Every structure is written in C-alpha cells, then in structure tokens.
Number of protein chains: 2
Amino acid sequence: MQITPPYLMFLGDVPDQLAAKTAHGIVDWRPEWCLGQMRLPGCGADLHLADMSIADAVAGGARTLVVGVANAGGVLPAHWSQSIVAALAAGMDVASGLHMRLGDNPAIAEAARQHGRSLFDVRHSSQRFDTGKGTKRPGLRLLTVGTDCSAGKKYTALALEREMRARGFDADFRATGQTGVFISGRGVAIDAVVADFISGAVEWIAPAADPGHWDLVEGQGSLFHPSFAGVTMGLLHGAQPDAFVVCHEPTRTTMRGVRHPLPSITDVIDLTIRCGRLTNPAITCTGISINTQALGEAEARAYLDRLAGEHGLPATDPVRFGVGSLVDRLAALYPQSTRKPKG
Amino acid sequence: MQITPPYLMFLGDVPDQLAAKTAHGIVDWRPEWCLGQMRLPGCGADLHLADMSIADAVAGGARTLVVGVANAGGVLPAHWSQSIVAALAAGMDVASGLHMRLGDNPAIAEAARQHGRSLFDVRHSSQRFDTGKGTKRPGLRLLTVGTDCSAGKKYTALALEREMRARGFDADFRATGQTGVFISGRGVAIDAVVADFISGAVEWIAPAADPGHWDLVEGQGSLFHPSFAGVTMGLLHGAQPDAFVVCHEPTRTTMRGVRHPLPSITDVIDLTIRCGRLTNPAITCTGISINTQALGEAEARAYLDRLAGEHGLPATDPVRFGVGSLVDRLAALYPQSTRKPKG
C-alpha cells in the first residue's frame, strides 16, 4: 500500500472537527502533502486549508483524494460517492479510512476500473503477508509501547522522526494504524490483518535496512490490554526493536474500553523486555513519554523528573517539552546511527 | 458456525492419507458422527468407513458433506465441485477446510442459494466478533498451551474431554483450529480472525457457563513462537483459563518453521501465568502433557517422572498413558466441578 501525495483532503459534510480527526492528524504531520480541502455544503469540519474543487486540485498536482473522516452509520452517502467517482474520473487515486470498503460501492469500483486508478482502504488489508520469521534484520528499530491504547504512541514516534531527521539521523516513521498510514503514505493498519500474519506484516512494514538506519515503529494497544494484547505481542515480535519508549497518560485509572487497572511503567518495561528478547536479545528501554496535558507546568516537570530518577531514563512530554532528551539517549547508545550515509 | 452431524466425509481423489489428515482427526474423535466416506476414482486415502454415494448418505441421515482434505494447487477441481453441488442439491450443508472459500465457486454459491443450504469455510471467518472485554465469566476453563506449535494441544484437550466426561464432569472441548471445529461442530479457526478480535472471538467460543462446567479450550501456537505469539496471547486473554496444561515434544530442537530454540517448560509456565493473570488472577498450571513417541517405554516413564518431580505437577503422555493423572489433579483442585448438574 503506497499512497501518493499530494493529497486533496475530502471532508464531505461531517458535522464537526472530531469526525475529521484523521484528516487533522495528516495535516498536523504532513502539511506539505495536503494541497487543499474539499467540503460539501453543511460541513462542520475545517482543516484551514484552501477549499478546492476536484478540477482545481488536479490542476495543482493532487494525486490522491483522501477520505480522512468518520461517517455515521457505516454506509457511504450517495453524495460522497459522487465526489469520489468524480475524483477517479479526473485521474486521482482515492484512499479511505472508512469502515466500509470503497470497492464495495459498485459505482466507485467501476470508476476505478474504467479510469485505471487505485483504491486504498486503509482499515482493511487485502495484502498477503508471510508469517513472521523472527530472523534478526539489519538496521535499528525503535518501537513505542504503552501502558494503554491512545497513550501517545503515534505522536511520540512521529515527534522522534522529526527531531532525529533534524539532527541528521536517517530515520523513518513506520505506520501500523490508519492515520499513520496516511501520514507516511505507506504501512498497514495492523489490527486489521488476519491474526496469523501480525508479526509477518510488521516484518514487511519495517524491512531490512542500513545498519545505521532507524525505523520508528508506531506501537498499538498494550501488552496489558485484555482486548488487544495479541496485536501488541505480534507487533513487538515483528518489529524486533533495539530500543523502545514507554508512553503513558497519568490521569487514566482504567484501560480504555474495559475495567482493568493500568499497569505500572515498570510492569510494561519488564514484560516488553521479557517478550521482546525472543526476536531481539539486545532490546532495551530508552525513554518514557508522558501526556501531561492534565497537569500544570511545574507539576508536569516535577512528575517527569521523578519518573526519570526512578527509572534512570529520560522522561518527557513530547508536546510540551519536545523529544530532545529521548534522542540524546539514542545518540549516546547508538553512536553509529547519528550520521546519515553519504550519497 | 454450527456444523450439523452426521457427516459424509468427502475425500475427493487425494493421493494419500496425509492429504486427509483433517478427515482422519474427525473420525478418530467423532466416529459416531461419521456416517460414511465418499471417494472419487483414484483416491489414495481411506478412513475405513462405508463408501457411500450422496443418495445413500442422505437416506442414512447425513446432514453435512465434510471436505476434510487438502488439495494441491489451491484451486477447487471441477469434479470436486460437481460432488459438492450434488450434495447441496440433495439437501446437505457443506463444510470445508480448504484454503479457498466454497462460495467463491459460482456453481457452489448458486446451488447453496437455490437449495437454501449453508456453506461453512472453516479456515475463514466471516463472523463479526466484539473486541474482548476481559471480564471474568462464570464457569471453569482449561487451556492447553505449548512450548511450540503442533505439540499436542488439540489432542490433550480432546483426551481431557473424553476422560472427564467418562468421570461425570460437565466438560466441553472448545475448538480454535479447523480440525477442532469439525470435531466439535462449532468454534472458530482463531488464526483466521482479524487481529483486533482474537480475544473477543475466544470469549465467544468459551462463553459464560455453570460454575462447575469446564470448557477445555484448544490452544494454538506458543507465547515463544515468533510467528504466532500474538495469536497465543489473545487466546490466553480471551480464554481466561483457571487451569492450563503445558504440551511439549521433547525431541524438537527448534520451533516449527523458524530457527528459534524451544523455551523450557518452566519458561512457558512462568510467562503464561504472568500474562494470563490479566484476565484470571487465579490461573494455575495443573499438568504437563508430553509426546513421548520418540522414546522407549521405560525412557518415557523415567522422563515423565523426572518432569513431575521437578515441577510438582502430573506429567503424562496422553496417547501412551492417558490423561487420568491430569484429571485427578483437576478433581482435587476443583471439587465443585466433579458432579454434573442435575436435570
């Protein structure tokens, strides 16, 4: 799955910004890929991009119409499918994060066929993977793991990519969820893969690379989440990380969607190392990433200092204080990776 | 997925017994469900059942044609699909363990529709599951786990069902693999489920039950297998076992299909307890099941005695010595479960 930018961001007529969460994530991290937005009458979302028609966007070089919104009811509205068909007819591919498959709509399937364009359903994987082999691949890998779902794993990996690239590291974010796939133009929503192929799909997502190259692999779920730990386990084995960063949201009292208490950061470090050793005996925790939004600035600093002391690791809030301290640690532990290969 | 016995076992014209491995498993464990076999000219497999035509089988009460063979090439041969269509026309459902879906064959799909019959593709899951909740359900559950794939997990669970039922326990085998689904007429090939729903599917497979009822859940893979540990983890959390039995094949030096060494039985016990506590804090190991086929009788006994002493657990080879010692331990630990509810 390789989605080609630049993107025209299709918002349809969703009622509010929350329904366009995926689209906002794409614009936040890849503003240079987002040529404009297309909104239908009544749309309550706004990406603060130029409003464009399909003709404008194609003239400006747009290659893919991105449906980065959640629609109610799980059925593609007829007026949305008309826009999608028009984009295909105008020569764009279409990539969607909707629950339903684009190709299940006969008009869209026919238009894609007729105009020779590609349809990408980011939530679905039609790709065939091998089962994971667990063989150590060259290249360095960092995985973001969490005490829970939605604890900042994607954000942390993307912030690391930005900071590491700025410092001359050869580093690529590797997407394992739908928003991440749009942001990197590549990847697989790992929770949509058939269970037998979780680790194999991750081996495909983060393939063999130069010895000094970093893959920054977006984590999913938690080894301690009763709904999703299988996904997290397969992701850990497939990513075979050298380094991992633990992400945590300190005000949460139960795991998302269930009644289980959150594990401690120490629990997560210990179990990640214990299980991760299977495919990378050198696995080590290199930092802690905290969402301190609910804390005051002084309180946040004190909390991070305490965690750093307790664990002997850099601890930061990537939004508030950046990820410089996490990258300092990587530079110190993996000096071979700090210079980009020539050429 | 509920497959209705009795079965007519369709062997097509596969060249040898190995290609009919699934069919043999069904006959071994459910001879009373297997009315007869249907073979085409040149068939090299034989279940030692009465050879029957479709008309004979229907007259004898057969409800489902079971395609329990592996065919070469992944394409359904035309002479097989003719038999399948004929079975549907005669009023039977058809259940298949083939890689391809029955319904992808237009003639079969049309015949099923026309005659109002069901098609079961045991390797594929079209069923929608909820994500796992991890909430403790009433009823007792035992999971078979392994140091590796193909270490006797299905056999051990089925042998426990047979022995426990004979002793008056209220116990049901719960299938998580294709052969097991045919044997129990119900269940899900868990490795074919979308990754997000592994534990949720197992919660469906082994639902809430009477406090003294045992679900004997067929394990898959190993927490130490780099290809499949995600499946094993989700299965462990979904099954929330009270008891587990570790299955092991002592002559194996590397995990199946990869180059990783086998974990020790102690490793498996420790990690299973550590991870399994998430959904059942009372999880405990209640026995060890060994495939001693490669050992002489005296050697096997000595080996099992040594393991039993080392781990303080009953250790047996279910094929050679039965599972009586494993059931004795369950009767001692869970006395509330030894009598069937009245009625």
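Criteria and cut-off values
Residues numbered from 1 in each chain as written. Chains lettered and ligands numbered in written order. Predicted model: local features only at pLDDT ≥ 70, side-chain atom pairs only at ≥ 80, totals over all residues. Least-squares fit on C-alpha atoms with pLDDT ≥ 70 in both. Contact = placed C-beta atoms within 7 Å. Buried ≥ 20, exposed ≤ 12 C-beta atoms within 10 Å, placed from the backbone. Helix = DSSP H or I, 4+ residues; strand = E, 2+ residues; numbered from the N terminus. Arc of directions from axis to C-beta. Axes fitted to C-alpha atoms, helices over the stretch in contact; angles between N-to-C directions. Parallel < 35°, antiparallel > 145°, perpendicular 65-115°, else oblique. Left-handed = near helix turned anticlockwise from the far one by under 90°. Nonpolar A, V, L, I, M, F, W, Y, C, P; charged D, E, K, R; others polar. Right-handed = clockwise from strand over helix to strand, strands pointing away. Pairing = 2+ DSSP bridges. Domains from an automatic or database assignment. Core = buried A, V, L, I, M, F, W, Y, C linked by C-beta atoms within 7 Å.

## Notes on the relation of the copies chain B and chain A
For the pair chain B and chain A, the superposition axis carries a translation of 0.1 Å, the fit reaches an RMSD of 0.1 Å, and the rotation angle comes to 180 degrees. Such values leave the two copies arranged in the relation of a two-fold axis. When the interface residues of chain B are mapped onto chain A, 100% of them are again interface residues, pointing to one common binding face.

## Quick notes on helix H12 (residues 324-333) of chain A
All names here are of chain A. The complete set of buried residues in H12 reads Leu326, Val327 and Leu330. Seen along its axis, H12 keeps its buried residues to an arc of 95 degrees; they face one direction. The secondary structure elements touched by the buried residues of H12 are helix H5 (153-166), strand E9 (243-248), strand E10 (284-290) and strand E11 (315-316).

## Quick word on unusual backbone geometry
Cis geometry is adopted by the peptide bond preceding A:Pro6, which originates at A:Pro5 and carries an omega value of 0 degrees. Looking at the element boundaries, A:Pro6 is found in the segment before strand E1 (7-12). Although it is not a glycine, A:His48 adopts a positive phi angle of roughly 60 degrees. Residue placement: A:His48 occurs in the loop between strand E2 (34-39) and helix H2 (54-59). A positive phi angle is found at B:Ser150, which is not glycine, with a value near 50 degrees. Here B:Ser150 shows up in the loop between strand E6 (140-146) and helix H5 (153-166).

## Concerning the packing of helix H7 (residues 198-205) of chain A against helix H8 (residues 229-239) of chain A
Residue and element names in this part refer to chain A. Where H7 meets H8, the axes come as close as 7 Å, and the angle between the chain directions of the two elements is 40 degrees. Taken together, the axes of H7 and H8 are oblique relative to one another. Crossing hand, H7 versus H8: right-handed. Here H7 contributes Ile198, Ser199, Gly200, Ala201, Val202 and Glu203 to the contact with H8, which in turn contributes Val231, Gly234, Leu235, His237, Gly238 and Ala239. Here the residues of the contact of H7 with H8 are counted per class, giving 6 nonpolar, 5 polar and 1 charged.

## Structural notes on the pairing of E1(A)
Residue and element names in this part refer to chain A. For E1, a buried count of 6 out of 6 residues is recorded, marking the element as mostly surrounded by other parts of the structure. Residues Tyr7, Met9 and Leu11 line one face of E1 and the alternating positions Leu8, Phe10 and Gly12 line the opposite face, and both faces are buried. Read from E1 through helix H1 (residues 21-29) to E2, the crossover connection turns out right-handed. In the sheet, E1 pairs with strand E3 (residues 64-67) via 4 bridges, with the strands oriented parallel. Across the sheet, residue phenylalanine 10 finds its bridge partner in E3, namely valine 67.

## Notes on the domain arrangement of chain A
Residue and element names in this part refer to chain A. Structurally, chain A comprises domain 1 (7-121) and domain 2 (140-337). Relative placement of domain 1 and domain 2: their C-alpha centres are 30 Å apart. Taken together, the contact between domain 1 and domain 2 spans 9 residues of the former and 5 residues of the latter. Here the side of domain 1 that touches domain 2 takes 4 residues from H1, the largest share from any one element. By residue class, the composition of the side of domain 1 that touches domain 2 is 4 nonpolar, 4 polar and 1 charged.

## Concerning the nonpolar core
Core analysis: the biggest nonpolar cluster contains 214 residues, and A:Leu8 and B:Leu8 have the highest contact counts within it. Setting aside chain neighbours within four positions, we find B:Leu8 in contact with B:Leu35, B:Gly36, B:Met38, B:Met52, B:Ala57, B:Ala62, B:Leu65, B:Val66 and B:Met92.

## A few points about the interface of chain B and chain A
On the side of chain A, 28 residues touch chain B, which itself brings 28 residues to the contact. Mapped by element, the contributors of at least two residues to the side of chain B that touches chain A are helix H7 (198-205) and helix H8 (229-239) of chain B. Each residue belonging to the side of chain B that touches chain A can be placed in one class, and the counts come to 14 nonpolar, 11 polar and 3 charged.

## Details of the environment of B:Gly276
Residue and element names in this part refer to chain B. You can see glycine 276 is positioned in helix H9 (residues 265-276). Taking the C-alpha atoms as reference, glycine 276 lies 9.0 Å from alanine 239; in sequence the two are 37 residues apart. Contacts of glycine 276, omitting those with residues within four sequence positions, involve Leu236, Pro241 and Ile283.

## A short note on the pairing of strand E2 (residues 34-39) of chain B
Residues and elements named next belong to chain B. The element E2 is largely enclosed, with a buried count of 5 among its 6 residues. Pairing analysis gives 5 bridges linking strand E1 (residues 7-12) to E2, with the strands arranged parallel. Bridge assignment links phenylalanine 10 to a residue of E2, and that residue is methionine 38.

## Regarding the sheet that holds strand E5 (residues 119-121) of chain B
Residues and elements named next belong to chain B. Strands sit in the order E2-E1-E3-E4-E5 across an open sheet of 5 strands; the sheet is parallel. Each having just a single partner strand, E2 and E5 make up the two edges of the open sheet. Going across the sheet, the axis of each strand differs from the next one's by a mean of 20 degrees, ignoring polarity. Across 4 bridges, strand E3 (residues 64-67) lies against strand E4 (residues 93-96) in parallel orientation. Bridging across to E4, valine 67 finds its partner in serine 96. Across the sheet, helix H3 (residues 78-89) touches E1, E2, E3 and E4, and the angle it forms with E4 is around 140 degrees.

## Comments concerning the sheet that holds E6(B)
The 6 strands are arranged E7-E8-E6-E9-E10-E11 (chain B) in an open sheet whose pairing can be described as parallel. Two strands lie at the open edges of the sheet, namely strand E7 (171-174) and strand E11 (315-316) of chain B, each paired on one side alone.

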